[in-house]
Amino acid sequence: MQVIREARRDWVSEHREMYLSSGGAKGHIMDITTVGGRAFATHCLVKYEGRKSGKTFITPLCYADIGGEVVICASKGGADHHPAWYLNIVEQPEIEFQIATQAFRGTWREPEGAEREKVWSFFIDCHPFYETYQNSTARVLPLVMFKAAGEIPVFRPDDATGIRTT
């Protein structure tokens, strides 16, 4: 299990660096069939401030676009606790995110009830392995939706003052 965790951590770090160093030209679309994903899987970058450290983190995450909003899932691979990025963004009123070569400042929300079920069905159709993650934990995996409010400069490698791999 530790070997898998280390390999994933390396992959996430390499993915983030490729995405950032290319200005988003690389890393947006990735073939993740080796982990049960699609050959044409979409990824965004999410920039947030650590609620305890005050450092800036940038995390690459799978996303889907539904109704003009970006949706991501706080799965942490099906762990029994939420990922740190999720705990950090729910403490902030706004979010910054990048999709390919465009970055945005925006608002975020969590869908509820029937809307959540609709968004969840769409999300797992795009990224089927998240259903496996959900089945491996008792917690309900949070979905977070972003709506762009304005364009900002693309993220740069030196924008992150902290390093987080999950």
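Located above this text is the structure these notes cover.
Calculation rules
Within each chain, residue numbers correspond to sequence positions counted from 1 in written order. Reporting in this predicted model follows two pLDDT cut-offs: at least 70 for local features of residues, and 80 or more for side-chain atom pairs to be given and counted; totals over whole chains, interfaces and linings ignore these cut-offs and use all residues. Note that water and hydrogens are dropped before the side-chain values are worked out from all heavy atoms of the structure. Think of a salt bridge as a Lys or Arg side-chain nitrogen and an Asp or Glu carboxyl oxygen that are within 4 Å of each other. Note on exposure labels: buried denotes an accessible area under 20% of the residue type's maximum, exposed denotes more than 50%, and partly exposed covers the range between, all computed with a 1.4 Å probe on protein chains only. Numbered from the N terminus, helices here are DSSP runs of H or I no shorter than four residues, and strands are runs of E no shorter than two. Pairs of N or O atoms within 3.5 Å make up the polar contacts considered here, provided that, within protein, one atom can donate a hydrogen while the other can accept it, and that residues adjacent in sequence are counted only when both atoms are side-chain atoms. We call two residues contacting when some pair of their heavy atoms lies within 4.5 Å. Put simply, a nonpolar core is a bunch of buried Ala, Val, Leu, Ile, Met, Phe, Trp, Tyr and Cys residues held in one set by side-chain atoms that sit within 4.5 Å of each other. The pairing criterion is simple: DSSP has to find at least two bridges between the two strands.

Caption draft 1: Just the pattern of salt bridges, in detail. Tallied over the entire structure, the rule returns 8 salt bridges. The partner of Glu17 in a salt bridge is Arg16, with the nearest N and O atoms 3.6 Å apart. The exposure class of Glu17 is partly exposed, given its relative accessible area of 36%. For Arg16, a relative accessible area of 3% puts it in the buried group. Across the pair Lys47 and Glu96 runs a salt bridge, and its minimum N-O distance is 3.4 Å. You can see Lys47 sitting in strand β2 (residues 41-49) and its partner Glu96 sitting in strand β6 (residues 94-99), a full 49 residues away along the chain. Relative accessible area serves as the criterion here: at 28%, Glu96 is assigned to the partly exposed category. In this structure, a network of salt bridges that share partners links the residues Lys47, Glu96, Arg156, Asp158 and Asp159.

Caption draft 2: The arrangement of the side chain of His28 in detail. Mapped onto the elements, His28 comes out in the loop between α1 (2-21) and β1 (29-30). For His28, the side chain forms a polar contact with the side chain of Tyr63, separated by 2.8 Å. The contacts of His28, once residues within four sequence positions are left out, are Tyr19, Ala41, Thr42, His43, Tyr63, Ile99 and Ala100.

Caption draft 3: View of unusual backbone geometry. Even without a glycine there, the phi angle at Lys76 is positive, about 50°. With relative accessibility at 30%, the residue Lys76 sits in the partly exposed group. One non-glycine residue, Ala100, lies in positive phi territory at about 55°. As for its position among the elements, Ala100 is in the loop between β6 and β7 (102-109).

Caption draft 4: Summary view of the nonpolar core. If you look at the biggest cluster of nonpolar residues, it comprises 19 residues, and the most contacted ones within it are Val46, Ile72, Trp85, Ile89 and Phe146. Contributions of two or more residues to this core are made by β2, β3 (56-62), β5 (69-73), α2 (84-89), β6, β7 and β8 (143-152). Apart from residues lying up to four places away in sequence, Val46 is in contact with Phe57, Ile58, Thr59, Leu61, Ile72, Ile89, Ile95, Glu96, Phe97, Phe146 and Phe155. By size, the runner-up hydrophobic cluster in this structure holds 18 residues, among which are Cys62, Ile66, Phe129 and Leu141.

Caption draft 5: Main features of the pairing of β3. Of all 7 residues in β3, 6 are buried; the element is thus mostly enclosed. Bridge count for β2 against β3 is 7 bridges, and the pairing is antiparallel. Paired with Glu49 across the strands is Thr56, a residue of β3. With antiparallel pairing between neighbouring strands as the criterion, β2 and β3 make up a hairpin whose turn holds 6 residues, including Gly54 at a positive phi of roughly 75°.

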